[in-house]
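# Architecture and fold: a report
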Amino acid sequence: MYESLYFPLIFLAAMVGVCTALFALFYRDRPGAKPAAVFAGTASVWAVVEGLRVVQTGLETMVFWTGIALSLSVLLPPAWLLFVLEYTGSERRLTRQLFAALLVEPLLFLSVVWTNDAHELVWSTTEIVGYGAFDGLAIEFELAFWAHQVYAALLLTVGALLLVRMLLETDRLYQWQGIALLVAVLVPMSTNAIYSFGLFPSGIDPTAISYVLASVVLVVTVLETELLGVAPATRQLGREAVLSELDDAMIILDDSGRIVDANPAGTTLLGQPVADCLGRRLGNLIPTLADALDSSTAQRQVELELDGKRRYYDLRRSELYRGYGTISGQVLSLRDITEQRQREQRLDVLNRLLRHNVRNELNVVRGSIELASS
């Protein structure tokens, strides 16, 4: 069975992976397309290497191609994480320092792989296993390999958790995409774990094939739908742009009244950079506004002091809900209506003045009429 299926399946996966990578590159301007192309391309090359390994006959040559396969494997977890960050619009969290830190372990693992003969920290023993038309290479892995497996699983899990968070926050329009991506990454994670623990037939490693399948799901799900123009990252960036340009002050609080975020206008109202306000209670910064929230009304007018001047705001409050109707916070929107109030006050004064003057004139006219009639 392995003789008839495994070898052609490897090269079929390689061709599919190449086509998938080219398809992703065609849409390289879309969120997540470039990391997806790297993911698919790496998986396809890994499949080619696996095919070259099983057609070799010498132990030394098979070990060499195994080193190439392990070297390629270090690219897939970071590519997956970068894809998820771009897809969900969270790539700004990945600073240069953090990106450099993510590369430390892969570079160390590469150095250990290609010096394994000196220390045998990646594998210790190898054995050729025959399967008729081709041979497999049975390997006993050591500490460095297992440490790298933990690191790779950690990156894959972080990406999966970001997708889970998106599923909890987004609407149904994008939920099926997130579910498909989660299932896609679970396939190579499970396959690699089964291979690493020796549950596949000795010398058979279908991990590259499973990564190619994952890349197909990843690229097709994200890039071949009509939702390309409104991907979660695009929508998230659009929302942030709209909020940052609003003249109205926007302040987001958690369920304990602590500040979670604010737009530039809200930061001006708080009087401090938003980074200094995060986690602090609103009552410690703007007590008057916090007191106004005790009212059950969702909209009211509040009077605040800004830069030593009295300002009036139209306060609107919207509650944020988690699942099952649990309140997780609230969004405060404050529109400055000071000039409107001043115009209304001037109109009110002018109205009273005009009414007073008209009343006086009418009294004069009435008196003149009374004098003339007497």
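Nothing here was measured: the structure is a model prediction, and the numbers come from that model.

### Focus: the overall build of the protein chain
Along its length, the protein chain carries 15 helices and seven strands. Looking at the protein chain residue by residue over its 374 residues, the buried ones come to 42%. Put simply, of all contacts in the protein chain between residues at least 6 apart along the chain, 57% involve residues at least 24 apart.

### Thoughts on the pattern of salt bridges
Counted by the stated rule, this structure contains four salt bridges. The shortest N-O distance in the salt bridge between Arg335 and Asp248 comes to 2.9 Å. Highlighted residues: Arg335 in strand S7 (residues 327–336) and Asp248 in the loop between helix H10 (232–245) and strand S3 (249–254), separated in sequence by 87 residues. The residue Arg311 makes a salt bridge to Asp336 at a minimum N-O spacing of 2.7 Å. Here Asp336 lies in strand S7 and Arg311 lies in strand S6 (residues 309–321), a separation of 25 residues in the sequence. Note on Arg311: relative accessible area 23%, which makes it partly exposed.

### Concerning the environment of Leu156
Among the secondary structure elements, Leu156 is positioned in helix H7 (residues 143–169). Taking the C-alpha atoms as reference, Leu156 lies 10.0 Å from Leu182; in sequence the two are 26 residues apart. Setting aside chain neighbours within four positions, we find Leu156 in contact with Pro77, Trp80, Val185, Met189 and Tyr211.

### Notes on the nonpolar core
Trp80, Phe83 and Leu181 are the most contacted members of the largest nonpolar core, which has 50 residues in total. Counting only elements with at least two residues in this core, the list comes to helix H1 (2–26), helix H2 (33–55), helix H3 (59–73), helix H4 (76–87), H7, helix H8 (172–196) and helix H9 (207–223). Here Leu181 is in contact with Trp80, Phe83, Tyr87, Leu163, Leu218 and Val222, once residues within four sequence places are set aside. Core analysis: the second largest hydrophobic core is formed by 23 residues, Ala265, Leu269, Leu282 and Leu334 among them.

### Description of the confidence of the model for the protein chain
Interpretation of the predicted coordinates at a detailed level should be avoided for regions scoring low in pLDDT. Averaged over every residue, the pLDDT of the protein chain is 78; residues scoring 70 or more account for 81%. In this model, residues 225–230 is a region of pLDDT below 50 whose contacts with residues beyond four sequence positions or in other chains number twelve contacts. pLDDT under 50 marks residues 322–326. Its contacts with residues more than four places away, or in other chains, come to four contacts.

### Focus on the packing of aromatic side chains
For the structure on display, the rule yields nine aromatic pairs. Ring centres 5.9 Å apart and planes at 55 degrees place the aromatic pair Phe64 and Trp114 in the tilted group. Of this pair, Phe64 sits in helix H3 while Trp114 sits in the loop between helix H5 (96–113) and helix H6 (116–119), and the two are 50 residues apart along the sequence. Its relative accessible area of 43% is what places Trp114 among the partly exposed residues. Ring centres of Phe141 and Phe145 lie 3.7 Å apart, and the angle between their planes is 15 degrees; this geometry places the pair in the stacked category. Overall, the relative accessible area of 11% leaves Phe141 in the buried class. Given the relative accessible area of 2%, Phe145 is considered buried.

### Observations concerning H2
Compared with an ideal rise of 1.5 Å per residue, which puts 23 residues at 33 Å, H2 spans 33 Å between its outermost C-alpha atoms and is within 8% of the ideal. For H2, the buried fraction is high: 17 of the 23 residues fall into the buried class.

### Some words on the packing of H3 against H5
The interhelical angle for the contact between H3 and H5, taken along N-to-C directions, is 175 degrees, at an axis separation of 10 Å. In terms of axis orientation, H3 runs roughly antiparallel to H5. Facing Gly67, Leu70 and Ser71 of H3, the residues of H5 in contact are Phe109, Leu110 and Val113. Partitioning the contact of H3 with H5 into residue classes produces four nonpolar, two polar and no charged.

### Quick look at the pairing of S3
Within S3, five of the six residues are buried, which leaves the element mostly enclosed by the surrounding structure. Hairpin connection between S3 and strand S4 (residues 259–262): a loop of four residues separates the two successive antiparallel strands, and Gly257 in this loop has a positive phi of roughly 85 degrees.

### Thoughts on a nonpolar patch on the surface
Together, Leu9, Leu12, Met15 and Val16 give the surface a local cluster of nonpolar side chains, amounting to about 350 Å² of exposed area. With respect to the helices and strands, the residue Met15 is situated in helix H1. For Met15, a relative accessible area of 53% corresponds to the exposed category.

### Remarks on the packing of H2 against H4
Two numbers describe how H2 lies on H4: the axes approach to 8 Å, and their chain directions differ by 155 degrees. Comparing the axis directions of H2 and H4 gives the class roughly antiparallel. In terms of crossing hand, the pair formed by H2 and H4 is left-handed. Side by side, H2 and H4 meet where Ala33, Pro35, Ala36, Val38, Phe39, Thr42, Ala43 and Trp46 of the first sit next to Leu76, Ala79, Trp80, Leu82, Phe83 and Glu86 of the second. Split into classes, the residues belonging to the contact of H2 with H4 amount to twelve nonpolar, one polar and one charged.

### Digging into H3
With 15 residues, H3 extends 21 Å from end C-alpha to end C-alpha; this agrees with the ideal 21 Å at 1.5 Å per step. Looking at H3, one finds that the buried residues are Met62, Val63, Thr66, Gly67, Ala69, Leu70, Ser71, Leu72 and Ser73.

Thresholds, definitions, all that
- Residues numbered from 1 in each chain as written.
- Predicted model: local features only at pLDDT ≥ 70, side-chain atom pairs only at ≥ 80, totals over all residues.
- Heavy atoms only, no water.
- Helix = DSSP H or I, 4+ residues; strand = E, 2+ residues; numbered from the N terminus.
- Buried < 20%, exposed > 50% of the residue type's maximum accessible area, 1.4 Å probe, protein only.
- Contact = heavy atoms within 4.5 Å.
- Salt bridge = Lys/Arg side-chain N within 4 Å of Asp/Glu carboxyl O.
- Core = buried A, V, L, I, M, F, W, Y, C linked by side-chain atoms within 4.5 Å.
- pLDDT = per-residue confidence, 0-100.
- Phe/Tyr/Trp six-rings, centres within 6.5 Å; stacked < 30°, edge-to-face > 60°.
- Expected span 1.5 Å × (residues − 1).
- Axes fitted to C-alpha atoms, helices over the stretch in contact; angles between N-to-C directions.
- Parallel < 35°, antiparallel > 145°, perpendicular 65-115°, else oblique.
- Nonpolar A, V, L, I, M, F, W, Y, C, P; charged D, E, K, R; others polar.
- Pairing = 2+ DSSP bridges.
- Patch = residues over 30% accessible without salt bridge, like charges linked within 9 Å, V, L, I, M, F, W, Y side chains within 5 Å.
- Areas by Shrake-Rupley, 256 points an atom, 1.4 Å probe, with all protein chains shown as cover.
- Left-handed = near helix turned anticlockwise from the far one by under 90°.

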